[in-house]
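The lines below spell out each chain.
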Amino acid sequence: MAYEALDFYDVDSLLTEEERMVRDMVRDWVDEEVIPNIEIACREGVFPDEWRVALGEMGVLGAPLKGYDCPGLSYTAYGVICRELERGDSGLRSFASVQGSLAMYPIWDFGSEEQKNHYLPKMASGEWIGCFGLTEPDYGSNPGDMITKAEDMGDHYLLNGAKMWITNGSIAELAVVWAKLDGVIRGFIVEKNDPGFSAPEMKGKHSLKASVTSELVFQDCKIPKDRMLPGVKGLRGPFSCLNNARYGISWGALGSAQACFDSAKDYAMSRIQFDHPIASYQLVQNKLSWMLREITKGQLLAYHLGQKKDSGDWIPEHISLAKMNNVDIALEIARVARDIHGANGILDEYPIMRHMANLESVKTYEGTHDIHNLIIGRHITGIQAFTREA
Amino acid sequence: MNITVLLKQVPDTTAKITISGGKVDENSVSKWSMSPYDEYALESGLQLKEKTGGNLVAITCGPERTKKMLTDAAAVGADTLVHISNDGVTDSTHVQKLLAAAVRRFDSQIVLCGKQAADTNSGSTGPGVAELIDAACVTLVTEVNYSEGKFSTIRPSNSGTEKVAVDGLSVFAFDKGTHELRRPNVRGIMMAKKKQVESITSGDLGVVLDSSNVTLNSQNPPPEKPAGQKFEGAEHVNEVVSKLRNEANVI
Amino acid sequence: MDFTIIAETNGDSLHPTTYQLIGAAASMGSNSTVICPNGVGASEAAKINGVEKVISANGDCFNIFDGGAWASAMSSMCGEMILISASPNGREIGARIAAQKDIPIIQDVVSMSEGITVSRPIYSGKAMESLTISGSAVITLRPNAFEAAGTGNDAPINVVDQSADVKIAIQEAINKASERLDVTEADIIISGGRGMGTIENFSHLEEIADTIGAAVGASRAVVDEWGMPHRMQVGQTGKTVTPSLYIAVGISGAIQHLAGMRSSKYILAINKDPDAPIFGVADYGIVASWEDAIPALKSSLSELQS
Ligand SMILES: Cc1cc2nc3c(=O)[nH]c(=O)nc-3n(C[C@H](O)[C@H](O)[C@H](O)COP(=O)(O)OP(=O)(O)OC[C@H]3O[C@@H](n4cnc5c(N)ncnc54)[C@H](O)[C@@H]3O)c2cc1C
């Protein structure tokens, strides 16, 4: 059944023909391959390998990157891809975000020519999966104080430390790991079979069940000298990756929100209580109307930010606002949709509870909701409020 | 070898059809798609092209909007895109004349199309075009094969299916095919964007269309279904079955 | 108005639609000439009321179905208005004849009145259109949409030898083991629910499915509890289907099931509970246990098929 997206202001008519074709390609794939299989993937707690293959074949991984066999699409197209994927599941979008924005992007922007040629084509085709190791057990919102460190041993580097909450960790061929070399944050490419490296999977998640989350453990992990990303030092490295991934999330969350809205609308139209469809009651209409209102605002926000990304006229605070707002409304829409579905809302017959649980992670990762508030607060006042120290 | 595929753009089969002023309102169609059986014709054409190194010519006859569908066809591998502007022509015999002239102009050795379009549901185009270009035609086929310069196909028969060989220029009208349809990819989409659609008119094709003998009076919503009917007891089964046949016309 | 009818045959006799084609012509106040390809059913046709003459068209080309050859052979026998069944073969012959004679063709007509004005479904039945034809045309009629003509006539039979070039050759007949259709593809679906009692009882639904070429579906309860394959599941988390006819047997009609099948064109519900919600969406409902209704349904349907 062809999916008709809620697009009250016809925002998609602003897309280029190419962007619309990419949208339809991903949308059809999600309808045919993802939505019918997502509940099983969640129940089994796996990211289906066919999805990796399909994303590679469609050629959407690392969407906005140019050269090295990367797609070379616009940032707007990248956003649209995220939105379509996340209508299926946030775990699927997470896979694509991490691969494109967090693993391919730093190699593309900060890697050596050899590194780019070696890694990017195989990552764009989906043959190699990448992950991104920044968060540590004791350092989440505050990654600057990370303790994972690298030592220069003359002919190689030695890594020690641990990363946590790493999406794609156990299924990745390579990890882009941020560690301190002589007290300065640098990026390193660690390959799956490097000695002293392991990536045990974290089990028991109630959220993003179809996404693999892992620890990365480095115990005297020895990597060759040519694996350091030469082009960046300090937090700017990981933060520029996060900017791109957060941008994608600001679109992606709308996909989840739309899925919840669609389901709530259909349910409200067909559920009869007190002799009439519940959609005919004002309180329910108020909820649906509020959902539509927030989704429409979110769509305008995402589209406009996409244009800014494409023209290069943006600041990180623009992205913080969109990530924070769109995830926030998506989560609230999921909760209201759950309410409209009554008891049925808790069943896996409907996508609601899955999106709702997923969005709890999305609210936290890539900068928690409140960290984005603090980023914007600092922008407004010029006063940082992350820490009491000046 | 030129492999020609005839494609039609139709309202997506899941789209709602609205009537206003006694006509189907095309402006309210939320999504236009390639007619489903045509997709199998296109897929088969692409496979033949890959096998023979031929050139795939995608032809459509329709209003301006249909060019988009040709670009979609290019995204999966169509080489030459031909749009015949129909200037409001909808009479099937007229459309067949235009398509037949275009097929001749591109010197096709084989023509593939769907068994019927999802809007008119007629199924006249394939055999009609075949008649006009003096070709063999096999309808309701599920695959077309090529070996040693000859085409063969599979069509339904009374006892199952049968393999049919054809002689010379042939038209194959597809049912749902046995091949899985390919998806476009980003690279194909970017190439498709650069591909020009060749626009031609009946004048370019040297086709003179006389006025049609068929006039459209109106298009209307389907008759309202009778309200649900409930029968007590299995003794009413016969009655219900005859209603299914004569009232609902579904068995 | 002078009607020529190309008979639809079924093995070595006439298909019931041929009676309907003749009935339709008669309702327009016209006698008709009936062409019987390969002479099949000619003497049967001569007995149908409203037939003025029968042409028994004999020729080698009729030994295999090649719409082009058949059309060439019969085209010169046809008069101004040509009626054919809207079967796949009928549509193909009709389109060929129309193109050959350069006259319009209107396919799948469900009603016909003076004018000549016809109506036909478009967009898979989501709309109807009404057309008026002036001059000659080929019209194909939807089976079972017209009243069949009666018998008792004794029309003359002319035997005409006329063949044409056949451009296709059958290389191999492939007998397909009748593979049951998938629910997403079938035009008719018969689904069972918990009311079927046990999974074994689905064999009764399968038998019916095989007689009418339907797919067998199931409700979620049956898939989850009895281990029916998930691909058969119709509903919110199963397949969404839109067949012409959906037969729900022993399915109560939970909102999740309705979500997957309520857009079917027609719904027949069989359930012993008269208050089952499935009756709320059914076009035809039979309040009966499946044990009583299914055997009756089976015999009634197989009677129709023969
Ligand atoms: C499913 C999943 C996948 C992930 N994938 C990755 C990955 O691939 N790579 C990676 O590096 N990381 C990943 N993460 C980690 C994620 O980025 C972190 O969880 C996130 O940065 C928050 O860190 P934390 O969990 O340690 O929370 P904390 O930083 O401990 O925050 C806890 C709470 O305190 C609040 N808080 C913190 N500091 C302040 C402050 N100064 N003022 C006010 N409030 C504050 C936060 O807003 C939050 O509400 C993933 C997380 C999840 C859940």
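Residues numbered from 1 in each chain as written. Chains lettered and ligands numbered in written order. Predicted model: local features only at pLDDT ≥ 70, side-chain atom pairs only at ≥ 80, totals over all residues. Heavy atoms only, no water.

**What about the overall build of chain C?**
At step 1: The number of helices and strands found in chain C is eight helices and 18 strands.
At step 2: Taking the principal axes of its C-alpha atoms as reference, chain C extends roughly 65 × 45 × 35 Å.
At step 3: Counting the 306 residues in chain C, one finds 56% classified as buried.
At step 4: Summed over all atoms, the accessible surface of chain C reaches about 11800 Å², with 45% contributed by carbon and sulfur.
At step 5: Distance from the positive charge centre (19 side chains) to the negative charge centre (34 side chains) of chain C: 7 Å. (Helix = DSSP H or I, 4+ residues; strand = E, 2+ residues; numbered from the N terminus. Buried < 20%, exposed > 50% of the residue type's maximum accessible area, 1.4 Å probe, protein only. Areas by Shrake-Rupley, 256 points an atom, 1.4 Å probe, with all protein chains shown as cover. Lys, Arg positive; Asp, Glu negative; His and termini not counted. Charge placed at Lys NZ, Arg CZ, Asp CG, Glu CD.)

**Some remarks on the interface of chain C and chain A**
At step 1: In this assembly, seven residues from chain C lie in contact with nine residues from chain A.
At step 2: Where chain C abuts chain A, roughly 830 Å² becomes buried across the two surfaces, and 51% of that area is made up of carbon and sulfur atoms.
At step 3: It is R220, I255 and Q256 of chain C in chain C that bury the most area against chain A; as a group they hold 56% of the surface buried on that side.
At step 4: Taken together, chain C and chain A are joined by two salt bridges.
At step 5: For the pair chain C and chain A, the number of links is four residue pairs in polar contact (both at pLDDT 80 or more).
At step 6: Residues of the side of chain C that touches chain A, tallied by class, amount to one nonpolar, four polar and two charged. (Contact = heavy atoms within 4.5 Å. Buried area = accessible area lost by both parts, 1.4 Å probe. Salt bridge = Lys/Arg side-chain N within 4 Å of Asp/Glu carboxyl O. Polar contact = N/O pair within 3.5 Å; in protein donor to acceptor, adjacent residues only side chain to side chain. Nonpolar A, V, L, I, M, F, W, Y, C, P; charged D, E, K, R; others polar.)

**Focus on a nonpolar patch on the surface**
At step 1: A cluster of nonpolar side chains, namely F8, Y9 and L300 of chain A, defines an oily patch on the protein surface of about 340 Å² accessible area.
At step 2: Mapping F8 of chain A onto the fold places it in the segment before α1 (17-34). (Patch = residues over 30% accessible without salt bridge, like charges linked within 9 Å, V, L, I, M, F, W, Y side chains within 5 Å.)

**Observations regarding helix α4 (residues 88-101) of chain C**
Note: α-helices contain 3.6 residues per turn, so residues at a spacing of three or four share the same orientation.
All names here are of chain C.
At step 1: For α4, spanning 14 residues, the distance from its first C-alpha to its last is 20 Å, which sits close to the expected 20 Å at 1.5 Å a residue.
At step 2: For α4, the buried fraction is high: 10 of the 14 residues fall into the buried class.
At step 3: Considered for burial, the residues of α4 that qualify are G90, R91, E92, I93, G94, A95, R96, I97, A98 and A99. (Expected span 1.5 Å × (residues − 1).)

**Quick word on the packing of aromatic side chains**
All names here are of chain A.
At step 1: Applying the stated criterion to the full structure yields 18 aromatic pairs over all chains.
At step 2: A ring pair is formed by Y105 and W108, whose centres lie 6.1 Å apart and whose planes are at 35 degrees; its orientation type is tilted. Residue Y105 and its partner W108 are both found in helix α5 (residues 90-110); the two are separated by three residues, about one turn of the helix.
At step 3: Taken together, a centroid distance of 5.3 Å and an interplanar angle of 70 degrees make the contact between Y157 and F188 edge-to-face. (Phe/Tyr/Trp six-rings, centres within 6.5 Å; stacked < 30°, edge-to-face > 60°.)

**A look at the nonpolar core**
At step 1: Counting residues in each nonpolar core, the largest one holds 156 residues, and the members touching the most others are W29 and W178 of chain A together with L112 and F172 of chain B.
At step 2: Of the residues forming this core, the biggest block, 14 residues, is contributed by helix α7 (residues 236-270) of chain A.
At step 3: Non-local contacts of W29 of chain A, meaning those with residues more than four positions away in its chain, are made with V34, W51, A54, L55, M58, L85 and L92 of chain A together with R183 of chain B.
At step 4: L244 and I251 of chain B together with V216 and Y284 of chain C belong to the second-largest nonpolar core, a separate cluster that totals 38 residues. (Core = buried A, V, L, I, M, F, W, Y, C linked by side-chain atoms within 4.5 Å.)

**Here's the deal with the site of the ligand**
Residues and elements named next belong to chain A.
At step 1: Taken together, 18 residues surround the ligand, and among them T135, S141, W165, T167 and T368 come closest.
At step 2: One of the backbone nitrogen or oxygen atoms of F132 is found 2.9 Å away from a nitrogen atom of the ligand.
At step 3: In this structure, L134 approaches the ligand through a main-chain N or O atom, which is 3.0 Å from an oxygen atom.
At step 4: Protein contacts shield 68% of the accessible area of the ligand, which totals 980 Å² for the unbound molecule.
At step 5: Counting only elements with at least two residues in the shell around the ligand, the list comes to β3 (156-167), α10 (352-364) and α11 (369-381).
At step 6: Its residues placed into classes, the shell around the ligand shows nine nonpolar, seven polar and two charged.
At step 7: Inspection of the shell around the ligand shows a minimum of three residues originating in each of domain 2 (130-227) and domain 3 (236-381). (Near = heavy atom within 4 Å. Domains from an automatic or database assignment.)

**Overview of empty space enclosed by the protein**
Residues and elements named next belong to chain A.
At step 1: In this structure the tally under the stated criterion is two cavities of 30 Å³ or more.
At step 2: Roughly 50 Å³ of volume is contained in the largest cavity.
At step 3: Sorting the residues of the lining of the largest cavity by element identifies α4 (75-88) and α5 as the ones contributing at least two each.
At step 4: No other element matches the three residues that α5 contributes to the lining of the largest cavity.
At step 5: Residue composition of the lining of the largest cavity, by class: six nonpolar, four polar and no charged.
At step 6: In this structure, the second largest cavity encloses a volume near 40 Å³.
At step 7: Along the walls of the second largest cavity sit V60, L61, G62, A63, Y78, I81, L85, A96 and G100, which together make up its complete lining.
At step 8: Of all the secondary-structure elements, those providing two or more residues to the lining of the second largest cavity are α4 and α5.
At step 9: The greatest single-element share of the lining of the second largest cavity, amounting to three residues, is contributed by α4. (1 Å grid on protein atoms, 1.4 Å probe; cavity = no way out; pocket = protein on both sides within 12 Å on 5 of 7 lines; lining within 4 Å. Points joined across faces, edges and corners; volume = space filled by probe spheres on them.)

**Quick look at the domain arrangement of chain C**
At step 1: Examined at the domain level, chain C breaks down into domain 1 (3-161) and domain 2 (188-305).
At step 2: The C-alpha-based centres of domain 1 of chain C and domain 2 of chain C are spaced at 37 Å.

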